[in-house]
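Results of the structural survey
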Amino acid sequence: MDKKEQLYEGKAKKVYATDDPDLVIVSYKDDATAFNGQKKGTIAGKGAINNRMSNYLFQRLEEKGISTHFVKELSERETLVKHVQIVPLEVIVRNVAAGSFAKRLGVEEGRQLLCPTLEFSYKNDDLGDPFINDYYALALGLATREEIDQITKMAFAVNDFLKEFFQKAGVLLVDFKLEFGRFQGQIVLADEISPDTCRFWDINTHEKLDKDRFRRDMGGVEEAYQEIFSRIGL
């Protein structure tokens, strides 16, 4: 599959057209950003880790009946995916209080939640991805009721799988962000599942093994990404 013109460049990935209008090539970068792009840097090797880890997890999720955009891994940094229309919602699932949730609600970071929570943000960098609810999404035409219900069901199913999967690797899945797209009338899981989009803590020590090390200037960022990659056997 030949790579054609660049269609898009985001904070972590570039997207290229192919000969098939239904398929695009995603290329993962080592660029790192935080706080809606206010903080910028580079995490060596991040692109390859995020690409390969996402592809592995997408394939496992497909086996569980969850449709994704994954088609084929082309190289350590490039993957062929379905050309989806992204639903402009960031979908966040939380199992443990951390980050903005802990700060916003005055909850101690690390507190186990009584049940998983799900929240939506309007995917808009200029506005800082503001927190919204179902009714905002419906009123603004971001998604239909059926799509929101399907996204919600899929997000919790992804959480069920990922929690168990990472627990076996000695990792606590604190929270994570998902994105979904429309493809031929179907909602599919898109974007990535990686230390960029998830909070991973060591299950015993609660050592942070994700992008929070970059956000909070903790050091050892590359090592944390590599540690997660190694723990899941990739």
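Definitions and cut-offs
Residues numbered from 1 in each chain as written. Predicted model: local features only at pLDDT ≥ 70, side-chain atom pairs only at ≥ 80, totals over all residues. Heavy atoms only, no water. UniProt positions renumbered as here; feature names shortened; annotations may be inferred. Helix = DSSP H or I, 4+ residues; strand = E, 2+ residues; numbered from the N terminus. Expected span 1.5 Å × (residues − 1). Buried < 20%, exposed > 50% of the residue type's maximum accessible area, 1.4 Å probe, protein only. Pairing = 2+ DSSP bridges. Axes fitted to C-alpha atoms, helices over the stretch in contact; angles between N-to-C directions. Parallel < 35°, antiparallel > 145°, perpendicular 65-115°, else oblique. Left-handed = near helix turned anticlockwise from the far one by under 90°. Contact = heavy atoms within 4.5 Å.

In the numbering used here, UniProt assigns the feature "domain: SAICAR synthetase/ADE2 N-terminal" (unreviewed entry) to residues 6–231. Spanning residues 6–231, this segment combines 31% helix with 35% strand, and its end C-alpha atoms are found 34 Å apart.

Attention now moves to helix H4 (residues 145–168). Here H4 is 24 residues long and its end C-alpha atoms lie 35 Å apart, about the 34 Å a rise of 1.5 Å per residue gives. Count one or two residues on from H4 and you reach Gly170, which has phi positive near 75°.

Despite not being glycine, Gln184 has its phi angle at roughly 50°, a positive value. With respect to the element layout, Gln184 can be found in the loop between strand E12 (171–183) and strand E13 (186–190). Here Gln184 falls in the exposed class, since its relative accessible area comes to 64%.

The pairing of strand E1 (residues 6–9) with strand E2 (residues 13–17) spans three bridges and is classified as antiparallel. Each bridged residue has a counterpart across the sheet, and for Tyr8 the counterpart in E2 is Val15. Linkage of E1 to E2, two consecutive antiparallel strands, is achieved through a turn of three residues.

Between helix H1 (residues 46–63) and helix H6 (residues 221–231), whose axes approach to 10 Å, the crossing angle comes to 25°. Taken as axis vectors, H1 and H6 run roughly parallel relative to one another. In this structure, H1 meets H6 at a crossing whose hand is left-handed. Residues Lys46, Ile49, Asn50, Arg52 and Met53 of H1 lie in contact with H6, whose contacting residues are Tyr225, Gln226, Ile228 and Phe229.

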